[in-house]
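Each chain is listed here by its residues.
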Amino acid sequence: MEAGLYVLLAVVIFVVIVIIRSIRIVPQAYVFVVERLGAFHTAWQTGLHVMIPFIDKIAKKVSIKEQVVDFKPQSVITKDNVTMKIDTVIFFQVTDAKLYTYGVENPLTAIENLTATTLRNIVGDLDLEATLTSRDLINTNITKILDEATDRWGIKVQRVELKNILPPPEIQDAMEKQMKADRERREKVIQAEAEKKSQILVAEGEKESKILRAEADKESKILEAEAEKTSMILRADGVREQKVLEAQGEAQAIEMVQNALAESLKKLNSANPSDSVIQLKSLEAFAKAADGKATKIIIPSEIQGLAGLAAGLKGVISEENKSN
């Protein structure tokens, strides 16, 4: 009785273990390839799945995430017979788990060998300089060839990058010397251009300086001419004003004389002088005129008699003085 109980308990435990092992959970970004009785049955996607014990088997767990593989350097020969080593980096992703599982025995080894042969074919058509300067072209061509070749393996090659290109040591030394010579040449060119620009700037500075000095001299002469012109105008204005003032003074003096003469005539007319007084005044005026520098004097007929009288009186006075 107890032995049967133990057997039943063992059977129950075995069944529970089998059931538990029959339940499979596929994680994210993975695909499980399931075989039934040794043949491909299905490909499980992410989630919970149940398999038949002892009949179904998980043949391969395939990651569908993008993967990166760094292959070791491969020896290649360029078109001009230069041997160099190039290592590559492959970015790929599994798109079909069934083809990836059954398409090729070792997918990574197959991709590595395919990459090496493709790289040799491409570089063999290029010379050294083209190989060193055509990374993008080589990357594009390798990617295209590998992507087409790996389709039957359920692999999508996203991109291929040349990581390092290692020429022989003597080529590297020659390249370094050439690069050094190029740097020195560029440095000399830059120095020459800088010197040229410096001389141009100095010449332009001297030119501008001369132009500014010429403009300053021109403005100085213009200012001097304007000052001289202003001074002459002021002097002319002063002379003109002086003459105007003198003319005004003379006019005022003449006006005053005329006014005085008019006033004397008014007084003379108001005094009602006799003919004798008038003749006497005429004689006084004639005497003043005779004192001048005129060489000829015209004596009016009205005062000729008075002149004779005056001459006679002068003669009598002279005789009396002699007798005394």
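Everything here concerns the structure above.
My aim in this report is to walk through the structure given alongside it, one point at a time.

1. Some thoughts on the pattern of salt bridges
Tallying each qualifying case throughout the model produces eight salt bridges. Ionic pairing is found between glutamate 35 and lysine 57, a salt bridge with its closest N-O pair at 3.9 Å. Within this pair, whereas glutamate 35 is found in strand S2 (residues 30-36), its partner lysine 57 is found in strand S5 (residues 56-63), the two being separated by 22 residues in sequence. For glutamate 35, a relative accessible area of 13% corresponds to the buried category.

2. What about the side chain of serine 63?
Structurally, serine 63 is set in strand S5. Judged by its relative accessible area of 16%, serine 63 is buried. From its side chain, serine 63 meets the backbone nitrogen of lysine 65 in a polar contact 3.4 Å long. When near neighbours in sequence (up to four residues on either side) are disregarded, serine 63 contacts Ala29, Tyr30 and Val94.

3. So, a positive patch on the surface
Residues Lys180, Arg183, Arg185 and Arg186 make up a contiguous surface patch of positive charge. Within the fold, arginine 186 resides in helix H6 (residues 169-271). Judged by relative accessible area, which is 44%, arginine 186 ranks as partly exposed.

4. So, the nonpolar core
With 31 residues, the main nonpolar core has Met84, Ile86, Ile90, Leu119, Ile138, Ile142 and Leu162 as its most contacted residues. Listed by contribution, the elements that provide at least two residues to this core are S2, strand S8 (83-94), helix H2 (97-102), helix H3 (107-124), helix H5 (135-149) and strand S9 (155-166). Excluding residues that lie within four positions of it along the chain, isoleucine 86 makes contacts with Lys72, Pro73, Gln74, Val76, Leu119, Val123, Thr131, Leu162, Asn164 and Ile165.

5. A short note on the sheet that holds strand S3 (residues 39-44)
Within a sheet, neighbouring strands are paired by backbone hydrogen bonds and run either parallel or antiparallel to one another. One open sheet holds the three strands; their spatial order is S3-S2-S5, and the pairing between them is antiparallel. Strands at the two margins of the open sheet, each flanked by one partner only, are S3 and S5. The sheet shows a mean angle of 25° between the axes of neighbouring strands, taken without regard to direction. Note: S2 against S3, five bridges, orientation antiparallel. Each residue of the ladder has a partner; that of valine 34, found in S3, is threonine 42.

6. Some thoughts on H5
Across its 15 residues, H5 extends 21 Å between first and last C-alpha, which sits within 8% of the 21 Å expected from 1.5 Å per residue. Within H5, burial applies to Ile138, Asn139, Ile142, Thr143, Leu146, Asp147 and Ala149. Taken around the axis of H5, the buried residues stretch over an arc of 160°, which confines them to a single face. In H5, the exposed positions angled more than 90 degrees off the buried face are occupied by Asp136, Thr140, Lys144 and Glu148. Here the buried face of H5 lies against S8, H3, helix H4 (128-133) and S9.

Rules behind the numbers
Residues numbered from 1 in each chain as written. Predicted model: local features only at pLDDT ≥ 70, side-chain atom pairs only at ≥ 80, totals over all residues. Heavy atoms only, no water. Salt bridge = Lys/Arg side-chain N within 4 Å of Asp/Glu carboxyl O. Helix = DSSP H or I, 4+ residues; strand = E, 2+ residues; numbered from the N terminus. Buried < 20%, exposed > 50% of the residue type's maximum accessible area, 1.4 Å probe, protein only. Polar contact = N/O pair within 3.5 Å; in protein donor to acceptor, adjacent residues only side chain to side chain. Contact = heavy atoms within 4.5 Å. Patch = residues over 30% accessible without salt bridge, like charges linked within 9 Å, V, L, I, M, F, W, Y side chains within 5 Å. Areas by Shrake-Rupley, 256 points an atom, 1.4 Å probe, with all protein chains shown as cover. Lys, Arg positive; Asp, Glu negative; His and termini not counted. Charge placed at Lys NZ, Arg CZ, Asp CG, Glu CD. Core = buried A, V, L, I, M, F, W, Y, C linked by side-chain atoms within 4.5 Å. Pairing = 2+ DSSP bridges. Axes fitted to C-alpha atoms, helices over the stretch in contact; angles between N-to-C directions. Expected span 1.5 Å × (residues − 1). Arc of directions from axis to C-beta.

Structural measurements only, silent on function.
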